[in-house]
Amino acid sequence: MAFKNDSFSGRYQKEQTLGEALRAYLRAVGAETKIKEMRVLQAWDSVVGSIIAGDTSAINLQNGVLYVRFNSPIIKNEVTMRKSQIISRLNQEVGEDLVRIMMVR
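Note that the structure is predicted; figures quoted are calculated from it, not measured.

Caption draft 1: Main features of the overall build of the protein chain. A tally of helices and strands in the protein chain yields five helices and five strands. For the protein chain, the sequential pattern of α-helices and β-strands runs β-β-α-α-α-β-β-α-α-β. When the 105 residues of the protein chain are sorted by exposure, 30% land in the buried category. Summarising the internal contacts of the protein chain: among those between residues at least 6 apart in sequence, 47% fall at separations of at least 24. With the model as given, the accessible surface of the protein chain reaches about 7,300 Å², and the carbon-plus-sulfur share is 52%.

Below is the structure:
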């Protein structure tokens, strides 16, 4: 980041890339967390695979808790046994530890 002299006001302004400015705006309006949570939900299918994703009836992320509902008790049992692995892969996929707990229903 560089500083630029604003000749009209005599003040220095911090130059930002468009991406930096957008992230700052999203953070200021409180949308940054929601966007990150959406990235986790979008990564679900690729992390668990098409069979498990196809049996997922509901998925929601709130405050670090991922709530997942399944139609099949067999799939539910499989996911329950692999919770920690799935959480780790989801967080790796989005590049941040957003999921702390998975509640399987």
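Caption draft 2: Structural context of unusual backbone geometry. Phi at Asn 63 is positive, roughly 50°, even though this residue is not glycine. Positionally, Asn 63 belongs in the loop between β3 (56–62) and β4 (65–70). On the basis of relative accessibility, which here comes to 64%, the residue Asn 63 falls in the exposed class.

Caption draft 3: The nonpolar core, seen in detail. Grouped together as the largest cluster of nonpolar side chains are 21 residues, with contacts concentrated most on Trp 44, Leu 66, Phe 70, Val 79, Ile 86, Leu 90 and Met 102. Mapped onto this core, the elements with two or more residues apiece are α2 (32–48), α3 (50–55), β4, α4 (73–81), α5 (83–94) and β5 (101–104). A total of five residues in this core trace back to one element, the largest contributor, which is α2.

Caption draft 4: Structural view of the pairing of β4. Pairing of β3 with β4 involves six bridges; the strand directions are antiparallel. Bridge pairing links Asn 60 to Tyr 67 in β4. The hairpin turn running from β3 into β4, its antiparallel successor, is two residues long, and Asn 63 in that turn takes a positive phi close to 50°.

Caption draft 5: Representation of the pairing of β5. Only one face of β5 is covered, namely the one carrying Met 102 and Val 104; the face carrying Ile 101 and Met 103 has none of its residues buried. Two strands pair when backbone bridges link them, and β4 and β5 are joined in this way by four bridges, in the parallel orientation. When the bridges of β5 are listed, Val 68 appears paired with Val 104.

Caption draft 6: Structural detail: the packing of α2 against α5. Interhelical geometry of α2 versus α5 gives an angle of 120° and a closest axis separation of 9 Å. Classified by the angle their axes make, α2 and α5 are oblique. The crossing of α2 and α5 is right-handed. On α5, the residues touching Arg 39, Val 40, Ala 43, Trp 44, Ser 46, Val 47 and Val 48 of α2 are Ile 86, Arg 89, Leu 90, Glu 93 and Val 94.

The rules behind these values
- Residues numbered from 1 in each chain as written.
- Predicted model: local features only at pLDDT ≥ 70, side-chain atom pairs only at ≥ 80, totals over all residues.
- Heavy atoms only, no water.
- Helix = DSSP H or I, 4+ residues; strand = E, 2+ residues; numbered from the N terminus.
- Buried < 20%, exposed > 50% of the residue type's maximum accessible area, 1.4 Å probe, protein only.
- Contact = heavy atoms within 4.5 Å.
- Areas by Shrake-Rupley, 256 points an atom, 1.4 Å probe, with all protein chains shown as cover.
- Core = buried A, V, L, I, M, F, W, Y, C linked by side-chain atoms within 4.5 Å.
- Pairing = 2+ DSSP bridges.
- Axes fitted to C-alpha atoms, helices over the stretch in contact; angles between N-to-C directions.
- Parallel < 35°, antiparallel > 145°, perpendicular 65-115°, else oblique.
- Left-handed = near helix turned anticlockwise from the far one by under 90°.

Read these as spatial facts, not as claims about activity.
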